[in-house]
Amino acid sequence: MAAGYLDILRAKHAARLLAGTLLGRLPSGTGHIAIVLFTRAEGGSYTLAGALAAVYGLSTAVGQPLLGRAVDLYGQPRVQLPASVVSALGMVLLAAVGLGSLPLAYGAVVVAGLFTPPLEGGLRALWPSVLGGEDRVHRAYAMDAVAQEVMFTLGPLLVTVLVSLWSPAAALLVINVLGVLGALSVVLSEPSRTWRSAPREAHWLGALRSPGLLVLLGSFFFVGLALGSITVAGVAYADDHGRESVYGWLMAALGLGALIGGAVYGARQWAGAPERRLRVIVALLALGYLPLMLTPGVVAMTALAALAGVFLAPAIACSFIVVDRHAPRGTVTEAFSWLVTTFGVGAAVGTAVAGPAVELGGTAWSFAVAAAGGVAALLVLLTTGRVLAVPGRTAVAVRGSENDRNGAVEPGFSSGHQA
């Protein structure tokens, strides 16, 4: 298993691009936490903290596909680095003015979110030119999904350490300086500087003119909803058991399950169309969320949380392949950015819905929101199977400067067996 990932990391530029992208995404992965801690330290209410964090998240959701389209049109360095700097300046403004002027504070988080660089989509656009073969690209997608889980686990820890050592304002500044350095590392690399999107058909819908992509986005909105609701449901469960540490255990178990699932998924080569496999993975993901409604004791609940996380990273990794196959030519970065946006919006909706569910029916109802999200994600894929289906084509090595629409087929796709 480890040998396959080491093979990816030994490829020229691969380790630098992965590390730089993760570092560059640190502000977006931890920004909402830093904003909440900063607002509370400045004397703001939880309501204000939540509102500022929500505005930041929504601004990021709006900005990602717009900046992704700009990357496809103008290249990575001309968009990624300036956007990263402007986003960081937004957070610097928030740290400088505090809550003395709420319109200015809201404006600062809007700027920070709106200009969050689409590094995640940019990295996936670079993998084919860096790695060459479709089997290695497939493994890189899985490694990417696993690395995300690591970032979302360690990132909040870094913020809390910075807050305890210095202050919430310092945490805001440090994570954004690190983000700019990460973006700088990526855009100065040869693959990023030389990457060019394939010629694209002029169309105001851009990547969204693909019916298959719309189906995938619809499904992953509900996957995001399920995951967002679990974050609130976990807090309610911890309150029921009178220990804040229980929440940490549940979230850690969820992340550990995703790490294991992603590592195992990426360690082998898969036969058949990824669209069919995605339906199976999402079905298993939905099945994993259902037992959470039982809300058993802490030990059993932690085990169920780990099980619920196992199929998350594989679902995300497989979705990358499907996005790659359905994105209209010349829109690959924008298409990946739409996936990030849709998932994030779904998570925000899940968080909003789970709160009232707790108040109306208790903790079990909030976990039922997660289960319902998983089932809805599966139903979208099942009812639109013909739209999402892609005719099989002969697998070819991916060596172009962009993920070709039909080039990123997985090993064994054309022959029907594992390579």
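As a reminder, the structure under discussion sits directly above these lines.
Residues numbered from 1 in each chain as written. Predicted model: local features only at pLDDT ≥ 70, side-chain atom pairs only at ≥ 80, totals over all residues. Heavy atoms only, no water.

Colleague: Looking at this model, I keep getting lost on the pattern of salt bridges. Mind explaining?
Modeller: When the charged atoms of two side chains lie near each other, side chains of opposite charge can form a pair. If you walk through the whole model with that rule in mind, you get 5 salt bridges. Of the charged contacts in the structure, one is a salt bridge between Glu-334 and Arg-69, with a shortest N-O distance of 3.0 Å. In this pair, Glu-334 sits in helix α16 (residues 332-361) while Arg-69 sits in helix α4 (residues 46-74), placing the two residues 265 residues apart along the sequence. Across the pair Glu-275 and Arg-325 runs a salt bridge, and its minimum N-O distance is 2.9 Å. Here the residue Glu-275 occupies a position in helix α13 (residues 274-289), and Arg-325 occupies one in helix α15 (residues 312-326), the gap between them amounting to 50 residues. (Salt bridge = Lys/Arg side-chain N within 4 Å of Asp/Glu carboxyl O. Helix = DSSP H or I, 4+ residues; strand = E, 2+ residues; numbered from the N terminus.)

Colleague: I would appreciate a short explanation of the packing of aromatic side chains in the present structure.
Modeller: When we look at a pair of aromatic rings, we describe it by the centre distance and by the angle of the planes. One pass over the full model with this rule turns up 5 aromatic pairs. A ring pair is formed by Phe-221 and Phe-222, whose centres lie 5.2 Å apart and whose planes are at 80°; its orientation type is edge-to-face. Judged by relative accessible area, which is 26%, Phe-222 ranks as partly exposed. Look at Phe-320 and Phe-336: their rings are 6.1 Å apart centre to centre, the planes differ by 85°, and that puts the pair in the edge-to-face class. (Phe/Tyr/Trp six-rings, centres within 6.5 Å; stacked < 30°, edge-to-face > 60°. Buried < 20%, exposed > 50% of the residue type's maximum accessible area, 1.4 Å probe, protein only.)

Colleague: I keep staring at the side chain of Thr-341 and nothing clicks. Help me out?
Modeller: Considering the arrangement of structural elements, one finds Thr-341 in helix α16. A distance of 2.8 Å separates a polar atom in the side chain of Thr-341 from the backbone oxygen of Ala-61. Residue contacts for Thr-341: discarding those within four places in its chain leaves Thr-60, Ala-61, Gln-64 and Pro-65. (Polar contact = N/O pair within 3.5 Å; in protein donor to acceptor, adjacent residues only side chain to side chain. Contact = heavy atoms within 4.5 Å.)

Colleague: What exactly am I supposed to notice about a nonpolar patch on the surface here?
Modeller: A cluster of nonpolar side chains, contributed by Val-280, Leu-284, Leu-287, Leu-290, Met-293, Val-375, Leu-379 and Leu-382, occupies part of the molecular surface with about 660 Å² of accessible area. For the nonpolar patch, the secondary-structure elements that each account for two or more residues are α13 and α17 (363-383). The topology assignment puts Met-293 in the loop between α13 and α14 (298-309). (Patch = residues over 30% accessible without salt bridge, like charges linked within 9 Å, V, L, I, M, F, W, Y side chains within 5 Å. Areas by Shrake-Rupley, 256 points an atom, 1.4 Å probe, with all protein chains shown as cover.)

Colleague: In this structure, what is going on with unusual backbone geometry? I would like to understand it.
Modeller: Working note: non-glycine residues mostly have negative phi, and peptide bonds are mostly trans. Positive phi outside glycine occurs at His-13, with the angle close to 80°. Position of His-13 among the secondary structure elements: in the loop between α1 (2-10) and α2 (14-24). In this structure His-13 comes out as partly exposed when scored by relative accessible area, which is 23%. One non-glycine residue with positive phi stands out, namely Thr-295, at about 40°. Its place among the elements puts Thr-295 in the loop between α13 and α14. On the basis of relative accessibility, which here comes to 25%, the residue Thr-295 falls in the partly exposed class.

Colleague: Please clarify how the nonpolar core should be interpreted in this entry.
Modeller: Core analysis: the biggest nonpolar cluster contains 83 residues, and Trp-127, Leu-131, Phe-220, Leu-278, Tyr-289 and Leu-292 have the highest contact counts within it. No other element matches the 12 residues that helix α11 (residues 211-240) contributes to this core. Ranked by size, the runner-up nonpolar core spans 20 residues in total, among them Ala-34, Leu-48, Ala-105 and Ala-171. (Core = buried A, V, L, I, M, F, W, Y, C linked by side-chain atoms within 4.5 Å.)

Colleague: Honestly, helix α5 (residues 77-97) in this entry has me stumped. Any pointers?
Modeller: One turn of an α-helix holds 3.6 residues; hence residues three or four places apart share an orientation. Here α5 is 21 residues long and its end C-alpha atoms lie 30 Å apart, about the 30 Å a rise of 1.5 Å per residue gives. All of the buried residues in α5 are Val-79, Gln-80, Ala-83, Ser-84, Ser-87, Ala-88, Gly-90, Met-91, Leu-94 and Ala-95. Angularly, the buried residues of α5 cover 145° about the axis, an arc narrow enough to put them on a single face. When the buried face of α5 is taken as reference, the exposed residues oriented beyond 90 degrees from it are Arg-78, Leu-89 and Ala-96. Two residues or fewer past α5, Gly-98 is found with a positive phi of approximately 60°. (Expected span 1.5 Å × (residues − 1). Arc of directions from axis to C-beta.)

Colleague: Hey, could you run me through the side chain of Ser-210 in this one?
Modeller: Its place among the elements puts Ser-210 in the loop between α10 (190-194) and α11. For Ser-210, the side chain forms a polar contact with the main-chain nitrogen of Leu-213, separated by 3.2 Å. Look past the residues within four positions of Ser-210 in its chain and what remains in contact with it is His-326 and Pro-328.

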